[in-house]
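Below, each chain spelled out in residue letters.
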Amino acid sequence: MTADPALLDDLFARDIDGRAARFVRPADTDRHDFAVYDGDDFLGMLYSDQVLGTTGWRLGGTTERHGALDDAVRALRRPRSWPRERAQVSDWARRLLEDESLTAVDVETTGLNEPWAVQIAATDRDGAVLFDAYLDPRAEIEPGAVAVHKITPEKVAGAPTFGELLPALTEALHGRTCVAYNMPFDRECLERELRRHHGSVEAAARWLGGCRWHDAMEPYAVWKGLWSVKRGRYRPQKLGGPHQAVEDCRFLLARVREMADRPARG
């Protein structure tokens, strides 16, 4: 949640992820800056970016900024292990990008609960398209899903079925290192399609075993380092793509490159 510094009291508390954070404005400043505490424990300083004409927050002692006050506090709450964990994520991303077979995969679906595929795309590590197709899911596309990816029943009417596209998809993915954002969701959708096509759990598992699967969502959550005390983990981040499968693959690769860069902390 974003908070306008000018509207905040000099002393206030705010529940963030199930734990109250206390904010105290130092008496020796006219700026809307705050010392932040968890109970009696001092977390750090947050400096208002209001002077820059924004409502963002800079973490004391760094150049790191967050638009949302809650996210800035989550950054202050990071465990001490975060720099080491972030370095491990960066090493993982660099190894991934060094793999010439790296393939970004995205599946747009009929919904969130046991969905079927309506679009599948795959690109190589440079973003060149290896596979891109709309599918007839042979199932209802939920209105909520249409609102997100804009793939209507009319758009996939007459499109090939998963089984008809399977040979081309196999050629595009098998033997390659596949990365997806929230990989378990996309992989489980493919598994569901494979089970329906083959009528066999074993056949679906064999096909999926033809690829080496990686998830980028959990590493990116670590990379961003916004700690949720309620969940006891780093908060997942949105990919930020347009929910068009090819472009989402390219957004995913940009996130992997971002993690691999490992810029020095401010």
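Located above this text is the structure these notes cover.
Engineer: Can you lay out the side chain of Gln 119 for me, pointing to particular residues and giving the numbers?
Structural biologist: By secondary structure assignment, the location of Gln 119 is in strand β8 (residues 117-124). Reaching out from Gln 119, the side chain makes a polar contact with the side chain of Asp 132 at a distance of 3.2 Å. In this structure, Gln 119 is in contact with Asp 106, Val 107, Glu 108, Asp 132, Ala 133, Tyr 134, Leu 135, Ile 151, Gln 244 and Ala 245, ignoring residues within four places of it in sequence.

Engineer: Residue-level account of the nonpolar core, with values.
Structural biologist: Grouped together as the largest cluster of nonpolar side chains are 27 residues, with contacts concentrated most on Val 179, Tyr 181, Ala 216, Leu 252, Val 256 and Met 259. Contributing elements (two or more residues each) for this core: α2 (82-98), β7 (102-109), α8 (217-224) and α9 (245-261). Among the elements that line this core, the one with the most residues is α9, at 8 residues. Apart from the residues lying within four places of it in its own chain, the contact partners of Tyr 181 are Asp 186, Asp 215, Ala 216, Met 217, Tyr 220, Gln 237, Lys 238, Leu 239 and Leu 252. Counting 25 residues, the second-largest nonpolar core is a separate cluster that includes Ala 117, Leu 135, Phe 162 and Cys 178.

Engineer: Summarise the sheet that holds strand β2 (residues 19-24); cite the residues concerned and give the values.
Structural biologist: Two pairing modes exist for strands in a sheet, parallel and antiparallel, and in both the strands are linked by backbone hydrogen bonds. Strands sit in the order β1-β2-β3-β4-β5-β6 across an open sheet of 6 strands; the sheet is antiparallel. Strands with a single pairing partner mark the edges of an open sheet, and in this sheet they are β1 (11-16) and β6 (65-66). Two elements, strand β4 (residues 41-48) and strand β5 (residues 57-59), share 3 bridges in a ladder whose sense is antiparallel. Note on β5: the bridge partner recorded for Tyr 47 is Arg 58.

Engineer: Describe the pairing of β7, naming the residues involved and giving the relevant values.
Structural biologist: Here β7 lies mainly inside the structure; 8 of its 8 residues are buried. Covered by surrounding structure in β7 are Leu 102, Ala 104, Asp 106 and Glu 108 together with Thr 103, Val 105, Val 107 and Thr 109, the residues of both alternating faces. Direction of pairing for β7 relative to strand β10 (residues 177-180): parallel, over a ladder of 3 bridges. Note that in β10 the partner of Leu 102 across the bridge is Thr 177. Bridge analysis of β7 against β8 gives 7 bridges, and the strand direction is antiparallel. Bridge pairing in β8 places Glu 108 opposite Gln 119.

Engineer: Which residues make up the side chain of Glu 64, and what values go with them?
Structural biologist: Considering the arrangement of structural elements, one finds Glu 64 in the loop between β5 and β6. According to the relative accessible area criterion, Glu 64 is buried, its value standing at 17%. Here the side chain of Glu 64 touches His 66 through a polar contact of 2.7 Å, side chain to side chain. Of note is the side chain of Glu 64, whose polar atom sits 2.5 Å from the side chain of Arg 78.

Engineer: Break down the packing of aromatic side chains for me, citing the residues and quoting the values.
Structural biologist: Counting across every chain of the model gives 6 aromatic pairs. Between Phe 34 and Trp 57 the ring centres are 6.2 Å apart and the planes differ by 55°, which places this aromatic pair in the tilted class. Separated by 23 residues along the polypeptide, Phe 34 in strand β3 (residues 34-38) and Trp 57 in strand β5 bring together distant segments of the chain. Residue class for Phe 34 comes out buried when judged on its relative accessible area of 1%. On the accessibility criterion, Trp 57 (0% relative accessible area) is buried. Aromatic rings pair up to connect Phe 12, Phe 23, Phe 34 and Trp 57 into one cluster. The cationic tip of Arg 196 hangs over the ring face of Trp 116; the distance from NZ or CZ to the ring centre is 3.7 Å.

Engineer: Can you break down the packing of helix α6 (residues 183-198) against helix α7 (residues 201-208) residue by residue, with the values?
Structural biologist: Angle between the axes and distance between the axes: these two values describe a pair of packed helices. Running from N to C, α6 and α7 point in directions that differ by 130°, and their axes come no closer than 8 Å. It follows that α6 is oblique to α7 by the angle criterion. When you trace α6 past α7, the crossing you get is right-handed. Contact residues: α6 offers Arg 187, Leu 190, Glu 191, Leu 194, Arg 195 and His 198, while α7 offers Val 201, Ala 203, Ala 204, Trp 207 and Leu 208. Looking at side-chain class alone, the contact of α6 with α7 contains 7 nonpolar, 1 polar and 3 charged residues.

Definitions and cut-offs
- Residues numbered from 1 in each chain as written.
- Predicted model: local features only at pLDDT ≥ 70, side-chain atom pairs only at ≥ 80, totals over all residues.
- Heavy atoms only, no water.
- Helix = DSSP H or I, 4+ residues; strand = E, 2+ residues; numbered from the N terminus.
- Polar contact = N/O pair within 3.5 Å; in protein donor to acceptor, adjacent residues only side chain to side chain.
- Contact = heavy atoms within 4.5 Å.
- Core = buried A, V, L, I, M, F, W, Y, C linked by side-chain atoms within 4.5 Å.
- Buried < 20%, exposed > 50% of the residue type's maximum accessible area, 1.4 Å probe, protein only.
- Pairing = 2+ DSSP bridges.
- Phe/Tyr/Trp six-rings, centres within 6.5 Å; stacked < 30°, edge-to-face > 60°.
- Lys NZ or Arg CZ within 6 Å of the ring centre and 35° of its normal.
- Axes fitted to C-alpha atoms, helices over the stretch in contact; angles between N-to-C directions.
- Parallel < 35°, antiparallel > 145°, perpendicular 65-115°, else oblique.
- Left-handed = near helix turned anticlockwise from the far one by under 90°.
- Nonpolar A, V, L, I, M, F, W, Y, C, P; charged D, E, K, R; others polar.

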